[in-house]
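Working through the structure, step by step
Here are the chains, one letter per residue:
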Amino acid sequence: MICLLDLGTSKISAILVKNEPTTPKVLAFSSVETSGIKRGSIINISSTAKAVKDCINQIEKQADEKIKELHIGLSGEEISSTNSTGQVKITDREVTFRDIEKSLNMSKTMKVPNDKTLLYAVPSEYLIDGQNGIKDPLGMNGLKLEAKSHLIHFSKNSKENILKCIRLASKSLSVTNFYFNQLGVAEVVLNEEQKKLGVCLIDIGAGTTDISVYKNGSVLFSKVLPYAGDYVTESIALSLDISSSDAEQIKKKYGCAFSDIASEEMLKINVSGSSQSISRKVLASQIEHSFSKILRHCVSSLEENGLINHIAAGFVLTGGSANLEGMVDLGEKVTKNNFKIGLPENNLPENSTKLLKPEFSAVLGLIKFYALEQDKEFTFNQSKGIIARVLEWIRTEL
């Protein structure tokens, strides 16, 4: 059984999955609100640790199992990414698994700031003697192999803070792997045709907005913006002079992201023992203004990286903010492109019907991404052959 933990800004979610021969099966799910994380970064270790502990306790109670290992999915403004190329000479003019491994390792050697660590490397394509567009170079002939990779980096300090929270939550818990949520989200929200044509995936959560661009089946670009749903909530709170928690409730209950479709209905808002009135259209205008800024930043990120004309399938929005009425209308207006709401509907585990909502795309994506990584590792190790594995063991022991 595998336990995956999604460290979100507003909530921490955990899901326990049983590895079945064909399709993974969800055994338990829990989600606990937290105030210890802001914009994806931990700002209060004890508060975050308590939320993790509560979350895991709920999982253990539901499944009647003791959790010992965690696979953690994360985002946050401490995430950064870049593209890199690794080049090697092909052994005996025919590409072997060892050549592929060496080229990928070379692509990971790009220098990064001392405060960053490599979180993940995503192979995008291979080139043999300059010929591009190769997805699987194994067995092909040539002299030079190049691997193009998308590298995801994460703050060393942030990683240590997460580990501290886990240790504080329970001394019996250990962390096996860290994953960048957006890579998993793409596996359950996007289909293969979208990823082939070119698509921009936007995940607007509470604290961060994650952007990624896929083309020819591979990720070309990713970025995390430090403003999202909470930014919209704060703008409502300031405008109405109310608390953030009250503003969040108003946003969820009455909010609309496109003022043209909002009614003139007067809303009576009762907070802190007093009441005030605001029209739903005026509230919608405030929400539209804030979300427009976020979406314009997304478009600008693509323009700055020369990608705006490479997304024939348009934009796909997921995350909690995708539930708001009018998001598609606003998205089409701001991006001037196809704009759709993305639900988790691909590569799903059994017993996940209750989680098929935009706000659960990340935690469901972790399951698929974990499975892909396990399959990749198994395939690679099996394909090395017995002699290669023995030689690798000898090198390790010596």
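Description of the structure in this document. (Residues numbered from 1 in each chain as written. Predicted model: local features only at pLDDT ≥ 70, side-chain atom pairs only at ≥ 80, totals over all residues. Heavy atoms only, no water.)

Some details on the side chain of serine 212
The condition is simple: Under the scheme used here, helices are H or I runs from DSSP no shorter than 4 residues and strands are E runs no shorter than 2 residues, and both carry numbers assigned from the N terminus. To sort residues, take the accessible area from a 1.4 Å probe on protein chains only and compare it with the maximum for the residue type: under 20% means buried, over 50% means exposed, and anything in between is partly exposed. Pairs of N or O atoms are called polar contacts if they sit within 3.5 Å, as long as, within protein, a hydrogen donor faces a hydrogen acceptor (for residues adjacent in sequence, only side-chain-to-side-chain pairs). Only heavy atoms enter the contact rule, under which two residues are in contact if any of them lie within 4.5 Å.
By the secondary structure assignment, serine 212 is in strand β13 (residues 209–215). On the accessibility criterion, serine 212 (2% relative accessible area) is buried. Only 3.2 Å separates the side chain of serine 212 from the side chain of glutamine 182, close enough to count as a polar contact. Apart from the residues within four sequence positions on either side, serine 212 is in contact with Gln182, Val199, Cys200, Leu201, Val219, Phe221 and Ser222.

Considerations on the sheet that holds strand β6 (residues 69–74)
Quick reminder of the rule: A pair of strands is labelled paired if DSSP reports no fewer than 2 bridges between them. In this analysis an axis means a line fitted to C-alpha atoms, helices contributing only their contacting stretch, and an angle means the value between N-to-C directions, from 0 to 180 degrees.
The strand order across the open sheet built from five strands is β3-β2-β1-β6-β11, with neighbouring strands paired in mixed fashion. Because the sheet does not close on itself, it has two edges, and the strands there are β3 (25–33) and β11 (174–180). Looking at each pair of strands side by side, their axes are set apart by 20 degrees on average, direction ignored. For strand β1 (residues 2–7) and strand β2 (residues 11–18), the ladder comprises six bridges, and the chain directions are antiparallel. The residue of β2 that forms the bridge with aspartate 6 is serine 13. Helix-sheet contacts for helix α3 (residues 156–169) involve β1, β6 and β11, and the interaxial angle to β11 is about 140 degrees.

Describing unusual backbone geometry
Not every positive phi belongs to a glycine, and asparagine 347 is a case in point at roughly 55 degrees. Position of asparagine 347 relative to the elements: it lies in the loop between β18 (339–341) and α10 (361–397).

Re the nonpolar core
The nonpolar side chains of soluble globular proteins are, as a tendency, buried together. Convention followed: Each nonpolar core is a collection of buried residues, namely Ala, Val, Leu, Ile, Met, Phe, Trp, Tyr and Cys, held together in the definition by side-chain atoms within 4.5 Å.
Among the nonpolar cores identified, the biggest contains 62 residues, and Leu5, Ile15, Ile56, Leu70, Ile72 and Ile162 are the most heavily contacted of them. Examining the composition of this core, we find that seven residues originate from one element, α10, more than from any other. Leaving out residues up to four positions away in the same chain, isoleucine 72 has contacts with Leu5, Leu7, Ile162, Ile166, Val175, Asn177, Phe178 and Tyr179. Ranked by size, the runner-up nonpolar core spans 39 residues in total, among them Ile204, Ile236, Ile242 and Phe258.

A word on the side chain of threonine 34
Tracing the sequence through the fold places threonine 34 in the loop between β3 and β4 (37–38). There is a polar contact of 3.0 Å between the side chain of threonine 34 and the backbone nitrogen of glycine 36.

Quick word on helix α8 (residues 280–304)
Rules: Here a helix's expected span is defined as the number of its residues, less one, multiplied by 1.5 Å.
Taking 1.5 Å per residue as the helical rise, α8 with its 25 residues ought to reach 36 Å, and the 36 Å between its terminal C-alpha atoms agrees with that figure. Once α8 ends, the next one or two residues include glycine 306, with phi positive near 65 degrees.

Some words on the packing of aromatic side chains
In plain terms, the rule: Centre distance within 6.5 Å is the pairing criterion for rings of Phe, Tyr and Trp, where only the six-membered ring of Trp is used; planes under 30 degrees apart are then read as stacked, over 60 as edge-to-face, and the remainder as tilted.
In this structure the tally under the stated criterion is five aromatic pairs. Note on phenylalanine 29 and phenylalanine 360: the rings are 5.3 Å apart at their centroids and 80 degrees apart in plane angle, and the pair reads as edge-to-face. Here phenylalanine 360 lies in the loop between β18 and α10 and phenylalanine 29 lies in strand β3, a separation of 331 residues in the sequence. Clustering of aromatic rings is evident, with ring pairs tying together Tyr120, Tyr179 and Phe369.

Points about the pairing of strand β8 (residues 116–128)
In terms of burial, β8 is a largely internal element, eleven of the 13 residues being buried. Pairing between β8 and strand β10 (residues 144–155): eleven bridges, direction antiparallel. In the strand pairing of β10, tyrosine 120 is matched with isoleucine 152.

As for the packing of helix α6 (residues 229–240) against α8
Rules: Left-handed is the label given to a crossing in which the near helix is rotated counterclockwise from the far helix by less than a right angle, and right-handed is the label when the rotation is clockwise. When residues are sorted by character, Ala, Val, Leu, Ile, Met, Phe, Trp, Tyr, Cys and Pro go into the nonpolar class, Asp, Glu, Lys and Arg into the charged class, and all the rest, Gly among them, into the polar class.
Their axes nearest at 9 Å, the elements α6 and α8 cross at an angle of 145 degrees. When you trace α6 past α8, the crossing you get is right-handed. Residues Tyr231, Val232, Ser235, Ile236 and Ser239 of α6 pack against Leu283, Gln286, Ile287, Ser290, Phe291, Lys293 and Ile294 of α8. By residue class, the composition of the contact of α6 with α8 is seven nonpolar, four polar and one charged.

A closer look at the state of the cysteines
The criterion, for reference: Note on disulfides: each one is a pair of cysteine sulfur atoms within 2.5 Å.
Evaluation of the coordinates by the stated rule reveals zero disulfides. The thiol sulfur of cysteine 3 is not disulfide-bonded, and the nearest other cysteine sulfur, from cysteine 55, lies at 7.7 Å. Here cysteine 298 is not cross-linked by a disulfide; its sulfur's nearest cysteine counterpart is in cysteine 200, at 6.4 Å.

Quick notes on the pattern of salt bridges
Applied cut-off: By convention in these notes, a salt bridge is any Lys or Arg side-chain nitrogen within 4 Å of a carboxyl oxygen on Asp or Glu.
The final tally for this structure, using the stated rule, is eleven salt bridges. Here glutamate 187 makes a salt bridge to lysine 195, at a shortest N to O gap of 3.5 Å. The class for lysine 195 is buried, based on a relative accessible area of 3%. Close ionic contact of glutamate 248 with lysine 252 constitutes a salt bridge, the shortest N to O distance being 3.8 Å. On the criterion of helical spacing, the pair formed by glutamate 248 and lysine 252 is a turn pair, its members being four residues apart in helix α7 (residues 244–254). One salt-bridge network, held together by shared partners, links Glu187, Glu192 and Lys195.

What about the sheet that holds strand β7 (residues 80–89)?
Across the sheet, four strands lie side by side as β7-β10-β8-β9; this open sheet has antiparallel pairing. The open sheet terminates on both sides in strands that have one partner only, identified here as β7 and β9 (131–134). Going across the sheet, the axis of each strand differs from the next one's by a mean of 40 degrees, ignoring polarity. Summarising the sheet, β7 and β10 pair through ten bridges and their orientation is antiparallel. Bridge pairing in β10 links lysine 89 to lysine 144. Where helix α2 (residues 97–107) meets the sheet, it contacts β7, β8 and β10, and its direction lies at approximately 135 degrees from that of β7.

Side note on the pairing of β2
Remember that side chains alternate between the two faces of the sheet whenever the strand is regular. The buried fraction of β2 amounts to six of the eight residues, a majority that puts the element mostly inside the structure. Linkage of β1 to β2, two consecutive antiparallel strands, is achieved through a turn of three residues. As defined by bridge partners, β2 adjoins β3 across eight bridges and the pair is classed as antiparallel. Bridge pairing links serine 13 to serine 31 in β3. A loop of six residues connects β2 with β3, the two strands running antiparallel in sequence.

Note that all results are geometric; they support no functional claim without further evidence.
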